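Working through the structure, step by step
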Amino acid sequence: MTEEIFDCCIIGAGVVGCAIARRLAQFQLKTAVIEKGPDVCCGTSKANSGIVHAGYAAQPGTLKAKFNAAGNPLFDQVCHELSVPFARIGTFVVAITDDGIKVLEKLYQRGQENKIPKLQIITDTQKIRQMEPSLTPNVTGVLYAPTGGIVSPYDLTIGLAENAYVNGVQFFFNSEVVGIDIKERYKVIQTRSKEIKTHFILNAAGVHADEISRMVGLDYFTITPRKGEYILLDKKCIELNHVLFPIPTPISKGIVVSITMEGHIFLGPNAETIEDKEDKSTTTEGLNEIIEGARKLVPDIPVNEAIVTYAGLRAVSDNNDFIIEPTKVEGFINVAGIQSPGLTASLAIAEYIVELLENLGVKLSVKPNFNPIREIPPRFATLSNEERHQLILRNPDYGHIICRCEYVTEAEIKAAIHRPLGATTLDGVKFRTRAQMGRCHGGFCTNRILEILSRELQVPIEQISKKGPKSELIVGKTKDLWRITVEGN
Ligand SMILES: Cc1cc2nc3c(=O)[nH]c(=O)nc-3n(C[C@H](O)[C@H](O)[C@H](O)COP(=O)(O)OP(=O)(O)OC[C@H]3O[C@@H](n4cnc5c(N)ncnc54)[C@H](O)[C@@H]3O)c2cc1C
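Residues numbered from 1 in each chain as written. Predicted model: local features only at pLDDT ≥ 70, side-chain atom pairs only at ≥ 80, totals over all residues.

1. Focus: the site of the ligand
The condition that has to hold: Here is the check we use: build the C-beta atom from the backbone, and if it is within 6 Å of the molecule or strand, call the residue near. Gly is put with the polar residues, along with every residue not named as nonpolar or charged; the nonpolar set is Ala, Val, Leu, Ile, Met, Phe, Trp, Tyr, Cys and Pro, and the charged set is Asp, Glu, Lys and Arg. Just so you know, the domain bounds were taken from an automatic or database domain assignment.
The ligand sits among 39 residues. The nearest are Gly14, Gly43, Gly206, Gly228 and Gly342. Considered class by class, the residues forming the shell around the ligand number 16 nonpolar, 19 polar and 4 charged. Viewed by domain, the shell around the ligand spans two of them, domain 1 (1-82 + 150-222 + 318-376) and domain 2 (91-146 + 224-317), each represented by three or more residues.

The following block contains the structure:
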């Protein structure tokens, strides 16, 4: 038996790792993605603002600025190919004082240096209020960036990964990388369950990228997590046409009021430097800070429409910029410190990795049968009654609504489980179908989805988890537990 050696192994299945995987799938390379979670998009890529930034915010000359500007225009084609919803709704940076206008002018200049098209400062407050009726009457001007947009970050990450997979990339889940051995001809990546051999390693491990780098003896940067908390409000509780940013702070773009692709309004994030790379808790102080910030932009924001709070972790490097480079360990490439605008930059980073590999002598022969198109099953909620009727006639599972808030049917949940790189957890179903994402946030449908996952995957319901080991919901059947407690057997 010949030993299996990959050409490239990507550590981390966030949006950056998956964008690279999909790009490498276009070549005749043996590529794998190694992920410690049970699915793609288990890290920062699932909890961010989902904004495709125009690119005026980053300091000119930085990698953030370069890849933001290059990444933004790539979204139309890639989202089209992958059936990922994306909309260029435009962004506003909102000034509420005359001094604020001076900041808008600086941002505008920065945008010119970064070559961002179509930026304009609007100071006609009547026009601004027409464009954005919910905005504070205190507005003195806005920096309008029409090329800014919104995308669902988990739809994008899942779309990239699925397309990479059907084009030949292998994914290893539940495979935490715990060590790397450098051999003469290749590298050996040790996970908790197996060893994987490869010529090249792309370290895209998010907040843990510094630890992976240290595994090959490279200790030249650290990643500090900076937490951002959010409040998600119910759909369409205010009219909102654009992403609203305040004047930025020295460490963040500030607390935004924005909208998701599905029409939920959200507020956040704040920015708190923390130590624990797993701390995704929300706090009373953080949420109050967010409400206060959001009210400066939209005074009547209906906070009582909140349905959930959550947090994501920015991967902040020592120099506050992306670290994307080959290293002195041959074949080991860092793709680290990818904080905001990393989602926007991800597609351009993937392009750059191809360039880097080529420069390092990797033979990149185009795969003739690469298929860039991803088909997705119909979304019942978005169909007309006639279309729904036709679907139900073809497959009665479309007649069985599981998630009442988001109108998700049993057929869609089964499809999410059985499609390429299908869901194995409650979160996996949630991010692929929206079941559990509505107003009751799973209060009604979680049990039903657990049953479907157990039945379709043929594993006991006690083993079905929210997001991998130690997040199982069912400990046993009430009758069995009662018998053990009362009868002692
Ligand atoms: C609050 C907040 C708001 C943001 N808003 C925006 C925005 O609006 N627009 C924008 O462009 N960007 C935004 N960003 C930035 C963007 O979300 C990130 O840059 C992007 O998601 C980073 O993706 P990634 O793939 O590098 O990291 P991640 O998504 O974190 O992926 C890294 C993966 O590596 C895995 N991993 C870690 N260690 C190991 C190991 N030892 N073995 C195997 N796997 C491992 C993790 O499980 C994880 O799945 C925001 C970030 C935050 C925190």
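2. Observations regarding the domain arrangement of the protein
Our working definition: Under the scheme used here, helices are H or I runs from DSSP no shorter than 4 residues and strands are E runs no shorter than 2 residues, and both carry numbers assigned from the N terminus.
For the protein, the assigned domains read domain 1 (1-82 + 150-222 + 318-376), domain 2 (91-146 + 224-317) and domain 3 (383-478). For domain 1 versus domain 3, the separation of C-alpha centres amounts to 29 Å. In terms of residues, the side of domain 1 that touches domain 3 owes the most to one element, helix α6 (residues 153-166), which gives 6 residues. Of the residues in the side of domain 1 that touches domain 3, the class split is 10 nonpolar, 2 polar and 3 charged.

3. Some remarks on the environment of alanine 161
We count it as follows: Note on contacts: residues are paired as contacts if their backbone-placed C-beta atoms lie within 7 Å.
Here alanine 161 is to be found in helix α6. Separated by 88 residues in sequence, alanine 161 and proline 73 have C-alpha atoms that sit 20 Å apart. Here alanine 161 is in contact with Ala13, Cys18, Ala21, Val40, Phe171 and Leu421, once residues within four sequence places are set aside.

4. Observations concerning the sheet that holds strand β4 (residues 86-87)
To keep things clear, this is the line we draw: When DSSP locates at least two bridges between a pair of strands, those strands are taken to pair.
Here we have 3 strands laid out as an open sheet, ordered β3-β8-β4, and antiparallel in their pairing. Lying at the two open borders of the sheet, with one neighbouring strand each, are β3 (51-52) and β4. Where β4 meets strand β8 (residues 149-151), 2 bridges bridge the pair, whose relative direction is antiparallel. Across the sheet, the residue bridging to phenylalanine 86 is valine 151, located in β8.

5. Details of the packing of helix α1 (residues 15-24) against helix α9 (residues 342-359)
The line we're drawing: Only C-alpha atoms enter the line fits that serve as axes; for helices the fit covers just the stretch in contact. Angles between N-to-C directions range over 0 to 180 degrees. Each helix crossing is assigned a hand: it is left-handed if the near helix lies turned anticlockwise from the far helix by less than a right angle, otherwise right-handed if that turn is clockwise.
At a minimum axis distance of 8 Å, the contact between α1 and α9 shows a crossing angle of 40°. Crossing angle aside, the handedness with which α1 passes α9 is right-handed. Taking contact as the criterion, the partners of Val15, Val16, Ala19, Ile20 and Arg23 in α1 are, on α9, Gly342, Leu343, Ser346, Leu347, Ile349, Ala350, Glu351, Ile353 and Val354. When its residues are assigned to classes, the contact of α1 with α9 shows 10 nonpolar, 2 polar and 2 charged.

6. Observations regarding the environment of glutamate 229
Note that glutamate 229 resides in strand β13 (residues 223-235). When the C-alpha atoms of glutamate 229 and leucine 267 are compared, they prove to be 8.7 Å apart, with 38 residues separating the residues in sequence.

7. A closer look at the pairing of strand β10 (residues 177-182)
Bridge count between β10 and strand β11 (residues 187-191): 5 bridges; the pairing is antiparallel. Paired with isoleucine 180 across the strands is isoleucine 189, a residue of β11. Hairpin connection, β10 to β11: the antiparallel pair is bridged by 4 residues.

8. Focus on the nonpolar core
Our working rule: By definition, a nonpolar core groups buried Ala, Val, Leu, Ile, Met, Phe, Trp, Tyr and Cys residues that are joined through C-beta atoms within 7 Å. With C-beta atoms placed from the backbone, the exposure class of a residue follows from how many other C-beta atoms lie within 10 Å of its own: 20 or more, buried; 12 or fewer, exposed; in between, partly exposed.
In this structure, Ala21, Ala161 and Leu202 are the most contacted members of the largest nonpolar core, which totals 120 residues. In terms of residues, this core owes the most to one element, α9, which gives 8 residues. Each of domain 1 (1-82 + 150-222 + 318-376) and domain 2 (91-146 + 224-317) accounts for three or more of the residues forming this core. With 20 residues, the next largest nonpolar core counts Val408, Ala423, Leu426 and Val429 among its residues.

9. Structural notes on helix α3 (residues 75-82)
Put simply, the rule is: Within this analysis, the arc is defined by the directions that extend from the helix axis to the C-beta atoms.
For α3, the complete set of buried residues consists of Phe75, Val78, Cys79 and Leu82. Angularly, the buried residues of α3 cover 95° about the axis, an arc narrow enough to put them on a single face. Set apart from the buried face of α3 by more than 90 degrees, the exposed residues are Gln77 and His80. Packed against the buried residues of α3 are β3, β4, β8, α6 and α9. Of the residues trailing α3, serine 83 is marked for its positive phi of about 55°.

10. As for helix α2 (residues 63-71)
By the criterion of burial, α2 is predominantly enclosed, with 7 of the 9 residues buried. Restricting attention to buried positions, one finds in α2 the residues Lys64, Ala65, Lys66, Phe67, Asn68, Ala69 and Gly71. If you follow the buried residues of α2, they end up packed against α9.

11. Considering unusual backbone geometry
Across the junction of glycine 268 and proline 269, the peptide omega takes the value -5°, indicating a cis bond. With respect to the helices and strands, proline 269 occurs in the loop between β16 (264-268) and β17 (272-273). Put simply, serine 340 and proline 341 share a cis peptide bond, and its omega is 10°. Mapped onto the elements of the fold, proline 341 is located in the loop between β20 (332-336) and α9. At asparagine 174, a position not held by glycine, the phi torsion is positive, near 50°. The residue asparagine 174 is located in the loop between β9 (170-172) and β10 in this model. The backbone of lysine 236 sits at a positive phi, close to 50°, despite the residue not being glycine. With respect to the helices, strands and loops of the structure, lysine 236 is situated in the loop between β13 and β14 (243-245).

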